[in-house]
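Each chain, letter by letter, is given below.
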Amino acid sequence: MTSVLERLLPLWAQPVDARPDPVAAFGEVYADPVLVNGTELALTDLDDRARALQRAFDDLSMQILDIVEAPGRVVVAFLMRGQHTGLFVSPVGTIAPTHRDIEVRTIDVLALTGGVISGIWVVSDELGLLRQLTDIKLT
(Lines give C-alpha, C1' and ligand atoms only; values in the text may rest on other atoms or scores of the structure.)
Protein backbone atom coordinates (compact mmCIF):
# COMPACT_ATOMS: atom_id res chain seq x y z
CA MET A 1 0.00 0.00 0.00
CA THR A 2 1.29 3.47 -0.81
CA SER A 3 2.45 5.83 1.91
CA VAL A 4 -0.44 8.23 1.31
CA LEU A 5 -3.01 5.45 1.77
CA GLU A 6 -1.32 4.26 4.95
CA ARG A 7 -1.81 7.79 6.33
CA LEU A 8 -5.24 8.35 4.77
CA LEU A 9 -7.35 5.33 5.74
CA PRO A 10 -6.91 5.58 9.54
CA LEU A 11 -8.20 9.17 9.45
CA TRP A 12 -11.59 7.83 8.37
CA ALA A 13 -11.73 4.44 10.11
CA GLN A 14 -10.19 5.23 13.52
CA PRO A 15 -11.89 7.55 16.04
CA VAL A 16 -11.24 11.17 15.18
CA ASP A 17 -10.86 12.16 18.83
CA ALA A 18 -8.12 9.56 19.36
CA ARG A 19 -5.75 12.17 17.91
CA PRO A 20 -4.53 15.15 19.97
CA ASP A 21 -5.25 17.53 17.06
CA PRO A 22 -7.55 15.91 14.47
CA VAL A 23 -7.45 18.86 12.05
CA ALA A 24 -3.64 18.83 12.07
CA ALA A 25 -3.75 15.08 11.40
CA PHE A 26 -5.85 15.74 8.29
CA GLY A 27 -3.32 18.45 7.33
CA GLU A 28 -0.56 15.85 7.23
CA VAL A 29 -2.44 14.04 4.44
CA TYR A 30 -4.58 16.67 2.67
CA ALA A 31 -3.93 20.12 1.22
CA ASP A 32 -5.96 22.96 2.73
CA PRO A 33 -8.23 23.45 0.93
CA VAL A 34 -8.65 20.19 -0.97
CA LEU A 35 -10.90 19.75 -4.02
CA VAL A 36 -13.45 16.98 -3.44
CA ASN A 37 -15.54 16.23 -6.53
CA GLY A 38 -14.81 19.77 -7.72
CA THR A 39 -15.72 21.52 -4.44
CA GLU A 40 -13.12 23.14 -2.19
CA LEU A 41 -13.21 21.78 1.36
CA ALA A 42 -11.19 23.02 4.33
CA LEU A 43 -9.49 20.60 6.69
CA THR A 44 -12.20 21.37 9.25
CA ASP A 45 -14.79 20.19 6.70
CA LEU A 46 -12.94 16.88 6.34
CA ASP A 47 -12.83 16.56 10.13
CA ASP A 48 -16.60 17.19 10.24
CA ARG A 49 -17.22 14.57 7.53
CA ALA A 50 -15.12 11.97 9.34
CA ARG A 51 -16.99 12.67 12.58
CA ALA A 52 -20.37 12.33 10.81
CA LEU A 53 -19.28 9.04 9.25
CA GLN A 54 -18.09 7.71 12.59
CA ARG A 55 -21.27 8.85 14.37
CA ALA A 56 -23.36 6.95 11.83
CA PHE A 57 -21.27 3.76 11.59
CA ASP A 58 -19.38 1.70 14.16
CA ASP A 59 -16.57 -0.76 13.52
CA LEU A 60 -15.50 0.96 10.29
CA SER A 61 -12.95 -0.84 8.18
CA MET A 62 -11.60 -0.49 4.67
CA GLN A 63 -10.63 -3.45 2.51
CA ILE A 64 -8.40 -2.42 -0.37
CA LEU A 65 -9.44 -4.13 -3.61
CA ASP A 66 -6.99 -2.49 -6.02
CA ILE A 67 -4.49 0.34 -6.25
CA VAL A 68 -3.26 2.01 -9.43
CA GLU A 69 -0.42 4.53 -9.25
CA ALA A 70 0.66 7.07 -11.84
CA PRO A 71 2.78 10.23 -11.54
CA GLY A 72 0.85 12.58 -9.25
CA ARG A 73 -2.10 10.18 -8.92
CA VAL A 74 -3.25 7.22 -6.86
CA VAL A 75 -6.49 5.41 -7.62
CA VAL A 76 -7.83 3.12 -4.91
CA ALA A 77 -10.84 0.81 -5.05
CA PHE A 78 -12.03 -0.37 -1.65
CA LEU A 79 -14.91 -1.73 0.39
CA MET A 80 -15.93 0.24 3.46
CA ARG A 81 -17.65 -1.90 6.07
CA GLY A 82 -19.32 -1.05 9.34
CA GLN A 83 -22.52 -1.21 11.34
CA HIS A 84 -25.18 1.52 11.10
CA THR A 85 -25.61 2.64 14.72
CA GLY A 86 -26.24 6.39 14.43
CA LEU A 87 -28.09 8.93 12.30
CA PHE A 88 -26.90 8.85 8.68
CA VAL A 89 -27.48 11.98 6.63
CA SER A 90 -27.92 10.84 3.01
CA PRO A 91 -28.74 12.73 -0.18
CA VAL A 92 -32.40 11.67 0.24
CA GLY A 93 -32.75 12.39 3.95
CA THR A 94 -31.64 11.26 7.38
CA ILE A 95 -31.82 7.56 8.18
CA ALA A 96 -32.27 6.44 11.79
CA PRO A 97 -29.97 3.67 13.07
CA THR A 98 -30.86 0.25 11.66
CA HIS A 99 -28.03 -1.73 13.32
CA ARG A 100 -27.48 -3.37 9.94
CA ASP A 101 -24.04 -4.25 8.67
CA ILE A 102 -23.08 -2.28 5.57
CA GLU A 103 -20.59 -2.64 2.75
CA VAL A 104 -19.97 0.25 0.34
CA ARG A 105 -17.94 -0.07 -2.86
CA THR A 106 -15.89 3.07 -3.47
CA ILE A 107 -13.26 4.32 -5.89
CA ASP A 108 -11.15 7.35 -4.97
CA VAL A 109 -9.00 9.10 -7.56
CA LEU A 110 -6.42 11.03 -5.56
CA ALA A 111 -4.36 13.90 -7.01
CA LEU A 112 -1.08 14.41 -5.13
CA THR A 113 0.87 17.64 -4.84
CA GLY A 114 3.94 17.88 -2.64
CA GLY A 115 3.16 14.57 -0.96
CA VAL A 116 -0.38 15.50 0.10
CA ILE A 117 -3.79 14.97 -1.47
CA SER A 118 -4.77 18.11 -3.36
CA GLY A 119 -7.84 16.72 -5.12
CA ILE A 120 -10.17 13.73 -4.97
CA TRP A 121 -12.83 12.33 -7.22
CA VAL A 122 -14.97 9.98 -5.12
CA VAL A 123 -17.28 7.46 -6.74
CA SER A 124 -19.20 5.46 -4.15
CA ASP A 125 -22.19 3.18 -4.39
CA GLU A 126 -24.62 5.40 -2.48
CA LEU A 127 -27.66 3.64 -3.95
CA GLY A 128 -26.27 0.32 -2.75
CA LEU A 129 -25.80 1.79 0.73
CA LEU A 130 -29.36 3.16 0.77
CA ARG A 131 -30.68 -0.24 -0.27
CA GLN A 132 -28.79 -1.82 2.62
CA LEU A 133 -30.18 0.69 5.14
CA THR A 134 -33.77 0.80 3.92
CA ASP A 135 -36.27 -1.55 2.42
CA ILE A 136 -36.00 -0.01 -1.06
CA LYS A 137 -36.80 -2.62 -3.67
CA LEU A 138 -35.94 -2.00 -7.30
CA THR A 139 -37.92 -3.78 -9.97
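Rules used in this analysis
Residues numbered from 1 in each chain as written. Predicted model: local features only at pLDDT ≥ 70, side-chain atom pairs only at ≥ 80, totals over all residues. Heavy atoms only, no water. Phe/Tyr/Trp six-rings, centres within 6.5 Å; stacked < 30°, edge-to-face > 60°. Helix = DSSP H or I, 4+ residues; strand = E, 2+ residues; numbered from the N terminus. Buried < 20%, exposed > 50% of the residue type's maximum accessible area, 1.4 Å probe, protein only. Contact = heavy atoms within 4.5 Å. Axes fitted to C-alpha atoms, helices over the stretch in contact; angles between N-to-C directions. Parallel < 35°, antiparallel > 145°, perpendicular 65-115°, else oblique. Core = buried A, V, L, I, M, F, W, Y, C linked by side-chain atoms within 4.5 Å.

Colleague: Is there a simple way to think about the packing of aromatic side chains in this case?
Modeller: Each aromatic ring pair is described using two quantities: the centre-to-centre distance and the angle formed by the ring planes. Within this structure, the stated rule accounts for three aromatic pairs. Summarising the aromatic geometry, the rings of Trp12 and Phe26 are spaced 5.5 Å apart at their centres and angled 80 degrees between planes, so their arrangement reads as edge-to-face. Taken as a pair, Trp12 in helix H1 (residues 3–13) and Phe26 in helix H2 (residues 22–27) lie far apart in primary sequence, 14 residues in all. Members of the aromatic cluster, joined through ring pairs, are Trp12, Phe26 and Tyr30.

Colleague: Even after reading the chapter, I still don't get the environment of Asp66, so can you show me in this structure?
Modeller: Looking at the element boundaries, Asp66 is found in strand S3 (residues 57–70). Looking at Asp66, the relative accessible area reads 45%, which means it is partly exposed. For the pair formed by Asp66 and Ala50, sequence separation is 16 residues and the distance between their alpha carbons is 23 Å. In this view, Asp66 contacts Val75, Val76 and Ala77; residues no more than four positions away in its chain are not counted.

Colleague: I would appreciate a short explanation of helix H4 (residues 126–133) in the present structure.
Modeller: For an α-helix, 3.6 residues make a turn, and residues three or four places apart therefore share a direction. Among the residues of H4, those classed as buried are Gly128, Leu129, Leu130 and Leu133. Turning to H4, the residues buried within the fold contact S3, strand S4 (73–84), strand S5 (88–90), strand S6 (93–95) and strand S7 (101–113).

Colleague: How should the packing of H1 against helix H3 (residues 43–56) be read in this particular structure?
Modeller: Axis angle and axis distance: for two packed helices, these are the angle between their axes and the distance between the axes, and together they describe the pair. Where H1 contacts H3, the two axes come as close as 8 Å, and the packing angle between them is 55 degrees. Relative to H3, the element H1 lies oblique. Contact residues: H1 offers Leu11, Trp12 and Ala13, while H3 offers Leu46, Arg49, Ala50, Leu53 and Gln54.

Colleague: Would you explain the nonpolar core in this entry?
Modeller: Nonpolar side chains in soluble globular proteins tend to end up buried together. Ranked by internal contacts, the top residues of the largest apolar core, which has 34 residues, are Trp12, Tyr30, Phe57 and Ile117. With near-sequence residues (within four places) excluded, Phe57 lies in contact with Gln83, His84, Thr85, Phe88, Ile102, Leu129 and Leu133.

Colleague: Is there a simple way to explain unusual backbone geometry in this structure?
Modeller: Excluding glycine, most residues fall at negative phi; most peptide bonds, likewise, are trans. A cis amide bond, omega 5 degrees, links Asp32 with the succeeding residue Pro33. Take Pro33: it is sitting in strand S1 (residues 30–36). We note that Asn37 has phi near 50 degrees; this positive angle belongs to a residue other than glycine. Structurally, the position occupied by Asn37 is in the loop between S1 and strand S2 (39–41). Unusually for a residue other than glycine, His99 sits at a positive phi of about 65 degrees.

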